[in-house]
Amino acid sequence: IREMKAYKYIVYGLAVLSMAGCEGFFESESPSAMDAQTVYSNPALTEQAIAGVYDLFGQDKSYRNRLTCGYIGLNTDIEHGTKNSGTADYLLYNMAPVSADVSTANGKDPWGYMNVAVERCNNIIEGIEQYADTAEDAQMRYYLGEAYFLRSFVYFDMVKTWGDVPARFESLSKNPDGVNTKKSNRNEVLEHLRGDLIRAAELLPWS
């Protein structure tokens, strides 16, 4: 019995070694791999990427319960009052750096979600422009225009909320140093958005 087991292991070992000698055997790509070319040359997969931007709008401490509920209208004491442990810290000018209503600096806050949305839009725009034929494919042309619009929409709210913000119109995969981008003059950002919205209007069909 031991000899049979040893023989079996030897045969298995030789089979593995023979496959290792086959050129390209271990270099083959998985058919389930989702690289940029696979995603942005396929309208169905690109639609899922677009949906990933909309998903951020519904996250906790994003648009659904921060940016659409008075967070932007923080101009006077009576516009926005939030109670923490029974004390209206906003009204007492006693804000804590770790307040979840402003920023927890862990990505789960308006600033974090909006920057993720910008990054996703950057990836979509670059992917479609590189791998899709927007001249012939009306659906991909639509998605490209939608991505330009969504990025502009988010950036406009960032400027409206914080004023001068970092202008990141390239993905981090294309420009890894973009994470260190300093804030830009808001007027320069808005001027860039104007160009993006003109581009989006050219790409999107009339309703």
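Everything discussed here concerns the structure shown above.
Conventions adopted
- Residues numbered from 1 in each chain as written.
- Predicted model: local features only at pLDDT ≥ 70, side-chain atom pairs only at ≥ 80, totals over all residues.
- Heavy atoms only, no water.
- Salt bridge = Lys/Arg side-chain N within 4 Å of Asp/Glu carboxyl O.
- Helix = DSSP H or I, 4+ residues; strand = E, 2+ residues; numbered from the N terminus.
- Buried < 20%, exposed > 50% of the residue type's maximum accessible area, 1.4 Å probe, protein only.
- Contact = heavy atoms within 4.5 Å.
- Polar contact = N/O pair within 3.5 Å; in protein donor to acceptor, adjacent residues only side chain to side chain.

(A) Spotlight on the pattern of salt bridges. Taken as a whole and assessed by the stated rule, the structure comprises six salt bridges. Where Arg-168 meets Glu-119, a salt bridge forms, and the shortest distance between an N and an O atom there is 3.1 Å. Residue Arg-168 is located in the loop between strand 3 (165–166) and strand 4 (183–184), and its partner Glu-119 is located in helix 5 (residues 110–131); the two are separated by 49 residues in the primary sequence. Taken individually, Arg-168 and Glu-119 each receive the classification buried, so the pair is uniform in this respect. The shortest N-O distance in the salt bridge between Arg-199 and Glu-202 comes to 4.0 Å. Of this pair, Arg-199 and Glu-202 both sit in helix 7 (residues 186–203), separated by three residues, roughly a single helical turn. The class of Arg-199 is partly exposed, set by a relative accessible area of 29%.

(B) Structural view of the environment of Asp-137. Note that Asp-137 resides in the loop between helix 5 and helix 6 (138–162). With a relative accessible area of 26%, Asp-137 lands in the partly exposed category. Placed 94 residues apart in sequence, Asp-137 and Pro-43 show a C-alpha to C-alpha distance of 9.1 Å.

(C) How the structure looks around the environment of Ser-152. Tracing the backbone through its elements, the reader meets Ser-152 in helix 6. Residues contacting Ser-152, with those up to four places away along its chain left out, are Leu-193, Asp-196 and Leu-197. Of note is the side chain of Ser-152, whose polar atom sits 3.0 Å from the backbone oxygen of Tyr-148.

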